[in-house]
Amino acid sequence: MDQLCRKTLLENQHLTERAEVDLTNDLPERILQFGEGNFLRGFVDWMVNEMNKQGIFNGRVIAIQPTPHGKVVPKLNAQDGLYTLVQQGIKDGKTVNKCEVITSISRGINPYENWDEVLKAAESPSIQFVFSNTTEAGLTYLAEEFIPDASPLSFPGKLTAVLYHRYRVFNGSEDSGLTIIPCELVEENANVLREIVLKIANDWELPQEFIQWVEQNNRFCNTLVDRIVPGYPKENIDTFTEMLGYEDQLLAVCEPYHLFVIDGDKTISESIPFHQAGLQVKWGDVTPYRQLKVGLLNAPHTMMYSLGYLSGLNTVYEVMENSELFSFVENAIKDEIKTVLSFETKVLDEFTNSVLDRFKNPFVKHYLVDLGQNAVSKYKARVLPLFFEYLDKQNKIPVHMVFSLSGLIAYYRPIRVDGDEHMVGNRDLQEYQIRDSKDAVKTFAEAWNQYDGTSESLNKVVSIILSDEKLWGRSLVEISLLKEMVVNHLEDMVTLGVQKSLERFYLKN
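Asker: I would appreciate a short explanation of the side chain of Asp-436 in the present structure.
Answerer: Looking at where Asp-436 falls in the secondary structure, it is placed in the loop between β15 (430–435) and α20 (438–448). No salt bridge forms around the buried Asp-436; measuring N to O, its nearest opposite-charge neighbour Lys-378 is 8.5 Å away. Of note is the side chain of Asp-436, whose polar atom sits 3.3 Å from the backbone nitrogen of Ala-375. A polar side-chain atom of Asp-436 sits 3.2 Å from the main-chain amide nitrogen of Val-376.

Asker: Explain the nonpolar core here, please?
Answerer: Generally speaking, soluble globular proteins have nonpolar side chains that are buried together. If you look at the biggest cluster of nonpolar residues, it comprises 81 residues, and the most contacted ones within it are Tyr-412, Phe-444 and Trp-472. Beyond its immediate stretch of four places on either side in the chain, Tyr-412 contacts Tyr-305, Gly-372, Asn-374, Ala-375, Val-376, Met-423, Ile-434, Arg-435, Asp-436, Phe-444 and Trp-448. In this structure, Leu-163, Ile-211, Val-214 and Phe-220 belong to the second largest nonpolar core, which totals 37 residues.

Asker: Would you explain the sheet that holds strand β6 (residues 129–132) in this entry?
Answerer: A sheet is described by the order of its strands in space; here six strands give the open sequence β5-β2-β1-β6-β7-β8, paired in parallel fashion. In this open sheet, the two strands that pair with only one neighbour each are β5 (105–109) and β8 (219–220). Where helix α4 (residues 44–53) meets the sheet, its contacts fall on β1 (29–34), β2 (60–64), β5 and β6, and the angle it forms with β1 comes to roughly 170°. Contacting β1, β2 and β5, helix α6 (residues 115–122) runs over the sheet at an angle of about 140° to β5.

Asker: How should the pattern of salt bridges be read in this particular structure?
Answerer: Where charged atoms from two side chains of opposite charge come close, those side chains can pair. What the rule picks out here adds up to 16 salt bridges. Close ionic contact of Asp-226 with Arg-358 constitutes a salt bridge, the shortest N to O distance being 2.8 Å. On the criterion of sequence distance, the pair formed by Asp-226 in strand β9 (residues 223–226) and Arg-358 in helix α16 (residues 345–359) is long-range, its members being 132 residues apart. Close ionic contact of Glu-255 with Arg-358 constitutes a salt bridge, the shortest N to O distance being 2.5 Å. Within this pair, whereas Glu-255 is found in the loop between β10 (252–254) and β11 (259–262), its partner Arg-358 is found in helix α16, the two being separated by 103 residues in sequence. Of the two residues, Glu-255 and Arg-358, neither departs from the other in class, the shared state being buried. Taken together, the shared-partner salt bridges connect Arg-6, Asp-26 and Arg-60 into one network.

Asker: I keep staring at the sheet that holds β15 and nothing clicks. Help me out?
Answerer: Spatially, β13-β14-β15 is the arrangement adopted by the three strands of the open sheet, whose pairing is antiparallel. At either margin of the open sheet sits one strand with a lone partner, and together these are β13 (416–417) and β15. Bridge count between β13 and strand β14 (residues 422–427): two bridges; the pairing is antiparallel. Note that in β14 the partner of Arg-416 across the bridge is Val-424.

Asker: What is the right way to look at the packing of helix α19 (residues 399–411) against helix α24 (residues 498–508) in this model?
Answerer: Angle between the axes and distance between the axes: these two values describe a pair of packed helices. Direction vectors running N to C along α19 and α24 enclose 160°, while the axes themselves pass 12 Å from each other. Looking at the two axes, α19 sits roughly antiparallel to α24. Taken as a pair, α19 and α24 cross one another with a handedness that is right-handed. Residues Val-399, His-400 and Phe-403 of α19 form the contact with α24, whose participating residues are Ser-501, Leu-502, Phe-505 and Tyr-506. Here the residues of the contact of α19 with α24 are counted per class, giving five nonpolar, two polar and no charged.

Asker: Explain helix α11 (residues 237–244) here, please?
Answerer: Given 3.6 residues to a turn, an α-helix orients residues that are three or four positions apart in the same direction. Within α11, burial applies to Ile-237, Phe-240, Thr-241 and Leu-244. Burial along α11 is one-sided: seen end-on, the buried residues are contained in an arc of 100°. Within α11, the exposed residues directed more than 90 degrees away from the buried face are Asp-238, Thr-239 and Glu-242. Looking one or two residues past α11, Gly-245 carries a phi angle of roughly 90°, positive in sign.

What counts as what
Residues numbered from 1 in each chain as written. Predicted model: local features only at pLDDT ≥ 70, side-chain atom pairs only at ≥ 80, totals over all residues. Heavy atoms only, no water. Helix = DSSP H or I, 4+ residues; strand = E, 2+ residues; numbered from the N terminus. Buried < 20%, exposed > 50% of the residue type's maximum accessible area, 1.4 Å probe, protein only. Lys, Arg positive; Asp, Glu negative; His and termini not counted. Salt bridge = Lys/Arg side-chain N within 4 Å of Asp/Glu carboxyl O. Polar contact = N/O pair within 3.5 Å; in protein donor to acceptor, adjacent residues only side chain to side chain. Core = buried A, V, L, I, M, F, W, Y, C linked by side-chain atoms within 4.5 Å. Contact = heavy atoms within 4.5 Å. Pairing = 2+ DSSP bridges. Axes fitted to C-alpha atoms, helices over the stretch in contact; angles between N-to-C directions. Parallel < 35°, antiparallel > 145°, perpendicular 65-115°, else oblique. Left-handed = near helix turned anticlockwise from the far one by under 90°. Nonpolar A, V, L, I, M, F, W, Y, C, P; charged D, E, K, R; others polar. Arc of directions from axis to C-beta.

This is the structure:
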């Protein structure tokens, strides 16, 4: 079977129709993209493709390999930048299963082998934008030497070198600056990136005029990105290959839902008009959308994972298929979380419906044990702020949040400790890994070591855990009735199991 490339599509009319664009029309390269992984290809590059199909952007992407060990660029170039994106999931209550060839990437560059190609691309007047997704680890400072003819190792180092080269080529002209839109999952990601670039420029003793040009003529836009892109479907790739009629080494699966919030002004939004293509792209302050996402997506994830896993389930989808746990999640959102979020009812309802559709996606295996990694810090950041807001507004304890906290403590009951940051739990004679900070592992291991099967010892367990200010930012035992509620739920979970304790929870509430 032929491999996906331009020749394959052009020689097979029925395949050409899947691309939905003119493959013979070489659009100008307008975007430098640091990163070529599943997420960017299933998110930004797909969005650029959507704009190109509608003739409202007419530009292509140069994908730059971010690390020395990347394996995507050779495959990308072998396929002429083409790959298939498969959207699978639930949207507005209906199943979506759509395959499409994405044509927005012109080529890939390995900067460690062809740094001159990156610099030559930076010289092009048509280049206007930089996108990136080098993971959270990529958005960090690394002290390294400036060697003009070789690629820096870090992403901020590469960006600094590219900007400096462009500055010199265009003699620091005001209109030669770039719009830089990072997609790393770091709060205020663009501000972080800009500060690192400026620090590197000072390290390298680059001209002060260049530093001023970076600050004044380049726009760094904070973002919030949201889409699940599992990527290459290794388990059932043969089925996809048979269906598509060609081999695609870069086929990627993603969910239909997407949200891209970019803190950019009207000039930027008009120059890359994602929203005009009907995409879920919002322009302006990222903060409200971050609150919405953390409150209605991340917090329910953190509240459900332990209850689902200790009930014998393994994925978010399975939790949604369980009537009792689905009701728990739905009621936690409706009765507690939504009541403390300061958004219009319509916005809350629409976002909630989209979240539940995503949770019900049978095509995406979102494992509960993955959601349970570093769960203490997640609970502190995602759920506790909602807990205290509810307590302040309603003058009563949010019972669903407390029940989920009890589930977290039950999940963090170790049968042994493996190192400073790992514990091993047990579910029906099946071991599972618990990863968290040294402080969390130490506290939970010492607390559960007090348990001897009696109510008194369980009271000690809960007291030790809730009183640890390092874990929660404050002592939780001071909150009236909280400890008693957690002890009661935990005793039910330990003696009866989570499913039975959930039934008793609903009888009481």
